[in-house]
Structures are given as structure tokens and as C-alpha cells.
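Listed below are the residues making up each chain.
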Amino acid sequence: MKGRLLVVDDERGIVIALKGLFTKEGYEVETAESGEEALEKVKAGLFHVIITDLSMKGMSGLELLKHVRELDPACAVLMITAFGTQRIAVEAMKAGAEDYLPKPFDNDELRMKVRKVMETQLLKREHNQLLEQVRLETGVFENMVGRSRAMMRVFETIDKVAPTDVTVLIRGESGTGKELVARAIHFRSPRARKPFIAVNCAAFSRELVESELFGHEKGAFTGAVARREGKFEAANGGTLFLDEIGDMALETQAKLLRVLQEQVFERIGGNQPLSVDVRIIAATNQHLEAMIEQGKFREDLYYRLKVVEIRVPPVRERREDVPLMVQHFIAEACNRFSAPQKQLTHEAMRACVEAPWKGNARSLKAAIEQAVILSPGAEITAEDLFAGSEPEGDHASTPSSPAASDNGESAMTFREAKEKFVGDWERDFFVRALRATGGNISRAAERTGMYRQSFQQKMRELGITLADIGLAPTHKTDVN
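Just so you know, the residues in each chain are numbered from 1, in the order the chain's sequence is written. pLDDT decides what is reported in this predicted model: residues at 70 or higher carry local features, side-chain atom pairs at 80 or more are listed and counted, and totals for whole chains, interfaces and linings draw on all residues regardless. Each side-chain value is derived from all of the structure's non-hydrogen atoms; neither hydrogens nor water enter the calculation.

1. What to know about the sheet that holds strand S8 (residues 168-171)
Stage number 1. In short, DSSP must find at least two bridges between two strands for them to pair. Helical segments are the DSSP runs of H or I of at least four residues, strand segments are the runs of E of at least two, and each set is numbered from the N terminus. Taken in spatial order, the 5 strands make up an open sheet running S9-S12-S15-S8-S16, and their pairing is parallel. In this open sheet, the two strands that pair with only one neighbour each are strand S9 (196-200) and strand S16 (308-311). Direction aside, neighbouring strands of the sheet carry axes that sit 20° apart on average.
Stage number 2. Here 4 bridges tie S8 to S16, and the two strands are oriented parallel to one another. Across the sheet, Ile 170 pairs through a bridge with Ile 310, a residue of S16.
Stage number 3. Taken strand by strand, helix H6 (residues 149-161) contacts S8, strand S15 (279-284) and S16, and its axis lies near 155° from that of S16. For helices, the fitted axis covers only the stretch in contact; all axes are lines through C-alpha atoms, and the angles between them, taken along N-to-C directions, range from 0 to 180 degrees. Contact definition: two residues touch when any of their heavy atoms are within 4.5 Å.

What follows is the structure in C-alpha cells.
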């Protein structure tokens, strides 16, 4: 069997002719003589490709397309259009149709189009089945790890929304992997070959974030020596990820709302409307509902962003995933640092599962990377994971491990000591990276596998400044 095909047309003669044509091609063919009948058949069973007339009595082909996209986003829809309806057919393409063919159509051309689309559909579904099999066996889904019920819900939602163009709001604490969710949605969508552009709204002032998003014309403000395209233009055809959307100024929120509603914006200092085709995915770790009540976030923008909401659970709510995450992070770190494969001792794994991980997956990953570098042998101990040593010269700082303290910590239980020092090793990790690069934040971020803006945000969270650790900024932008 080459695939399942549904032919939809309110002209019985065309339905019979197309069924005969494609049955000979080896497809399993079903027919419907109205959009309503076709919709019931889509609800009842799987189809790889649907061929539908655009203009029909009752439900139109365009309306059918929209319903099919909701029921089965993976199904491909081909439109057959009457003379003079090509403009509507283009609208159908924008709404998600795979292709269209004007009447009177050539049977050979239609056969070739269906064959090409069907082959693509079958390959996609086979690929997705293989990915699902790998995910079930390894617990890895688009670089995210988990088999817990909470993460399974996240993965299922990603699979449902990825083929559509709906706006998604991702919520979760810092370090839970919100950008990974956004990337998974993008790379599982029809926009996968187009750009994925991420913008951290918390990293810029209002003036800078507007320039970053919308671009500016030459002379728009002091320092604007040339025209500059913004992230919306850079992401045209793809996905724009707006991280920390709760930190966006109200004035910028109003401009963003216009782009979401009309897909049109203007560069700063310009008056020419620019059209873009961009999918928006936003993320926040803030309570937007409370911000709306306080007048700090626009309610209309909130509902425009929250078409679909995905909540990424913190590590403490999915501790059963920690062993899988540990194995995944160890493999990544050993590969990245060209280190021999390592594993945690039983005590270290238990410590990982029980640790609070206030920085969530990000802090767990940082601890594993530190341990891979510091552990002398093939086994990683709890002391390797939670080593709180400062670089040489800072002798007044935290002892090298909870057990090594000479201030009474040696009398603590391991859990008590671990919880006391869990924040220290994370701060020390970033301090060591900065010292190793002489205070160059860009290089330190690259060294730790982070984006520069994320690295700076983490410095702010941990209260790290270059001056406090005796370093001078290497660039003006490194002043913090």
C-alpha cells in the first residue's frame, strides 16, 4: 500500500474519475462529495493526502483545510481550483495547503504532484515513528530528556502544535529548558529550514530592544550610522523566540501586538510598513497574570501570546528523570571536553536525585560538566559534583567540599552540607570560567556552552561582577 488518499469534490463525476485514477496507482482511496462528509472521514481515520476542490456547496475547501489542520496537522492537502480563483488558492497555501492545481487539470500533472507529496508524507511519518522509538528507548526528545508524566505532556503538546502556526507561550522557572522547547517546536514545524531567532527581552533597554526587534533607519538616533534590519526581518519565514517576555516595556508590547495582529511593522525612524511571515513563541518565568493586575503587562497581548501554553516542570517535580538527565549530560560533557566516558557512583547519583537544583536542568548540567573536568578517574563522586572550591588565591572562600570544612561542616549529614554548598559550586563554576578567560565574557560564555546574554543573566542572578573578583572588563560591553 502506497498510502491513504481522500478525494473531495461536489461533482460526482470528478470524484469517480479521481478514485479510479489513484486506485490504479496503488493508493487506498476514499471519497467525499462535500466538505462536511470529508471532515467526518478525517475524524474517523488517518489520511496521508487529501485532494479537495476549493469551491464547493456548503463547507468550502478552505474551511475544510482549516479543520484538517486542527485535527491532523501532518496531513497534506492539495487544492483543485476553478478558473479565476488562483488568488484564493494562494490564501489556501498560506493557510497550510501543500499545493494547488487549476481546472481543467492534467491527469499526469496531478498524478505527479500526488506522488511527490505522498512520498514526502510517508517519509515524514516513518521518520517521526523512528524518533518516537528512540525517545521511548532513550528518553531523549529534541535534546530534552525525560520519561516522567510531566515531560511526556510537554513532548505531546510540542508534537501537536509544531505543524501549526499558533502562537505559543512557554512558562517555567529559570533553567528548566524553555528555549529547548521553543527550538523543538520550530525544528518539528514546516518552518524548520527557515531561521530560528532568539531574543532575550531582559538583556536590553526599551530603546535597544525595539531596535533589536524592528531594526532602524540610518540617523534614527545617535549612533545609528547605517540602516539595520531587526530580528523580525531576520526571522522572516521562520520563528522568533521572545525569551523573558515579561520584561518587555509596555510601549514595546503595544508594537509587538500590532505585528502579531497584522504581520506588519516599521523600522525605528522609518515610515514604510514592512510585511513579515513570522511565528512567535514567547517564554517567561514570571507571573504574567499578576503583572496584568499591576498594569505592567498588556492583557490583550497576554491572550494573543497564550493561544497554546506549555509549562515546563522544574527538576524537583520530575526527580525520576534525573538519572536519565545525568547520563545524557555526562555523554555530552565527555564528548565536548574529549574526556573518557565516566559514570556516577551510587552515592553521587542518589545525591543528584535528592539535590534541590534551584537552577533546574541548567545547574544540574553545570555540575556534571564540572565533575567531568574535575574527577580524576572514571567514577564521579559526590565531592566532585558539589566541590565548592574557589580558584587559587581566594583562601578565605568556601572549602573544597562539604566534607573538607574545618568550621564544623564535617559534623553535618551529607544532605545538610550539600544543600548549604549547592549554590556555592554554581557561583564558583562561573567565576572559574571568567578567570580562565581573563574576564572576557564572550569567551567565558562560549567555554561553558552558553549564549553570552544567558551567561550575563546568570552573573546577575549569582551577584558576580568582574570588579568583585578582581578582573577588568575586556570590552566596554563587559562592564557589569
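2. Re unusual backbone geometry
Stage number 1. The linkage connecting Lys 103 with the following residue, Pro 104, adopts the cis geometry, with an omega of -10°.
Stage number 2. Along the chain, the position of Pro 104 falls in the loop between strand S5 (99-102) and helix H5 (107-138).
Stage number 3. For Glu 244, which is not glycine, the phi torsion reads 55° and is therefore positive.
Stage number 4. Of note, Glu 244 is situated in the loop between strand S12 (239-243) and helix H10 (250-262).
Stage number 5. Exposure is judged per residue with a 1.4 Å probe applied to protein chains only, and the accessible area is read against the type maximum: over 50% gives exposed, under 20% gives buried, and values in between give partly exposed. What makes Glu 244 buried here is its relative accessible area of 12%.
Stage number 6. Phi angles above zero are rare outside glycine, and Gln 263 is one such case at about 55°.
Stage number 7. Position of Gln 263 relative to the elements: it lies in the loop between H10 and strand S13 (264-265).
Stage number 8. Overall, the relative accessible area of 23% leaves Gln 263 in the partly exposed class.

3. Overview of the sheet that holds strand S2 (residues 28-32)
Stage number 1. With parallel pairing, 5 strands are arranged side by side in an open sheet as S2-S1-S3-S4-S5. The sheet is open, and its two edges are formed by S2 and S5, each paired on a single side. Within the sheet, the average angular offset between the axes of one strand and its neighbour, ignoring direction, is 20°.
Stage number 2. Here strand S1 (residues 4-8) pairs with S2 via 5 bridges, running parallel.

4. Details of the side chain of Asp 72
Stage number 1. Relative to the helices and strands, Asp 72 is located in the loop between helix H3 (61-71) and strand S4 (76-81).
Stage number 2. What Asp 72 contacts, discounting residues up to four positions off in sequence, is Leu 46, Phe 47 and Arg 125.

5. Side note on the packing of helix H13 (residues 322-336) against helix H14 (residues 346-354)
Stage number 1. Put simply, H13 and H14 touch, their axes get as near as 9 Å, and they point 115° apart. Pair H13 / H14 crosses with right-handed handedness. In contact with Val 322, Pro 323 and Val 326 of H13, H14 contributes Met 349, Cys 352 and Val 353. What makes a crossing left-handed is the near helix being turned counterclockwise from the far one by less than a right angle; a clockwise turn instead makes it right-handed.

6. Some points on the pairing of S9
The two faces of the sheet receive side chains in turn, since in a regular strand these alternate between them.
Stage number 1. The buried count for S9 comes to 4 of 5 residues, which makes it a mostly enclosed element.
Stage number 2. In terms of strand pairing, S9 meets S12 through 5 bridges, oriented parallel. Across the sheet, Asn 200 pairs through a bridge with Asp 243, a residue of S12.

7. Describing the packing of aromatic side chains
Stage number 1. Pairs were defined over the aromatic rings of Phe, Tyr and Trp, the Trp ring being its six-membered one, requiring ring centres within 6.5 Å. Orientation was assigned from the angle between planes: stacked under 30 degrees, edge-to-face over 60, tilted for the rest. Using the criterion set out here, one finds 10 aromatic pairs in the structure.
Stage number 2. Plain terms: the ring middles of Tyr 302 and Tyr 303 are 4.9 Å apart, the flat faces sit at 75° to each other, and that makes the pair edge-to-face.
Stage number 3. In this structure Tyr 302 comes out as buried when scored by relative accessible area, which is 3%.
Stage number 4. The exposure class of Tyr 303 is exposed, given its relative accessible area of 53%.
Stage number 5. An aromatic cluster of at least three residues, connected via ring pairs, comprises Phe 187, Phe 196 and Phe 241.

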